[in-house]
Amino acid sequence: MKFKGFDHLVLTTNNLPACICFYRDVLGMRLESHEGRYALFFGQQKINIHQRPGEYPPAAQKATPGSQDFCLEVDEPIADVYAKLQERKAPIELGPVKRYGARGDMDSIYLRDPDGNLIELCCYAQ
């Protein structure tokens, strides 16, 4: 089996309006809703949003708001990302810092969404 990458992941939220505001307005993702379901798009991937554990079966057995920790690659210098996050009053927890990712050295910024999920934004060395 050969894998190409992630298609989507699912976040469970306790506060849909705050979750949407963070990912759409702070991180700049595109929001779509269809028949009561919400999805955030960026690049070729998406994040599905559930408002309660197991909302759309099959689902994770122990979906819990605030239990995720994931990294999203950005396509611009981390200093530019940092400046945009500051302008948008994003809850930056750490960074920029040097890290080592799937493809080598990268610069990262860490922040939390309204549910407490840890989001890492990274940019690989040019």
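Refer to the structure above for everything that follows.
For clarity, every value in this text was computed on a predicted model and none was experimentally measured.

Draft legend 1. Molecular detail of the packing of aromatic side chains. As enumerated under the stated definition, the model contains 1 aromatic pair in all. Between Phe22 and Tyr23 the ring centres are 4.9 Å apart and the planes differ by 85 degrees, which places this aromatic pair in the edge-to-face class. Residues Phe22 and Tyr23 agree in their burial class; the two are buried. The lysine or arginine in question, Arg37, covers the ring of Tyr56, its NZ or CZ lying 3.7 Å from the ring centre. It is Arg103 that lies over the ring of Tyr124; its NZ or CZ is 4.2 Å from the centre.

Draft legend 2. Seen up close, the side chain of Thr13. Looking at where Thr13 falls in the secondary structure, it is placed in the loop between strand E1 (8-12) and helix H1 (16-26). Within polar-contact distance, the side chain of Thr13 engages the backbone nitrogen of Asn15 at 3.0 Å. When neighbours within four sequence positions are excluded, Thr13 is seen to be in contact with Cys19, Ile49, His50, Gln51, Pro65 and Asp115.

Draft legend 3. A look at the sheet that holds strand E3 (residues 37-42). Pairing within the open sheet is mixed, and its 4 strands lie in the order E1-E4-E3-E2. Two strands lie at the open edges of the sheet, namely E1 and strand E2 (30-34), each paired on one side alone. Pairs of neighbouring strands in the sheet enclose a mean axial angle of 25 degrees, with direction left out of account.

Thresholds applied
- Residues numbered from 1 in each chain as written.
- Predicted model: local features only at pLDDT ≥ 70, side-chain atom pairs only at ≥ 80, totals over all residues.
- Heavy atoms only, no water.
- Phe/Tyr/Trp six-rings, centres within 6.5 Å; stacked < 30°, edge-to-face > 60°.
- Buried < 20%, exposed > 50% of the residue type's maximum accessible area, 1.4 Å probe, protein only.
- Lys NZ or Arg CZ within 6 Å of the ring centre and 35° of its normal.
- Helix = DSSP H or I, 4+ residues; strand = E, 2+ residues; numbered from the N terminus.
- Polar contact = N/O pair within 3.5 Å; in protein donor to acceptor, adjacent residues only side chain to side chain.
- Contact = heavy atoms within 4.5 Å.
- Pairing = 2+ DSSP bridges.
- Axes fitted to C-alpha atoms, helices over the stretch in contact; angles between N-to-C directions.

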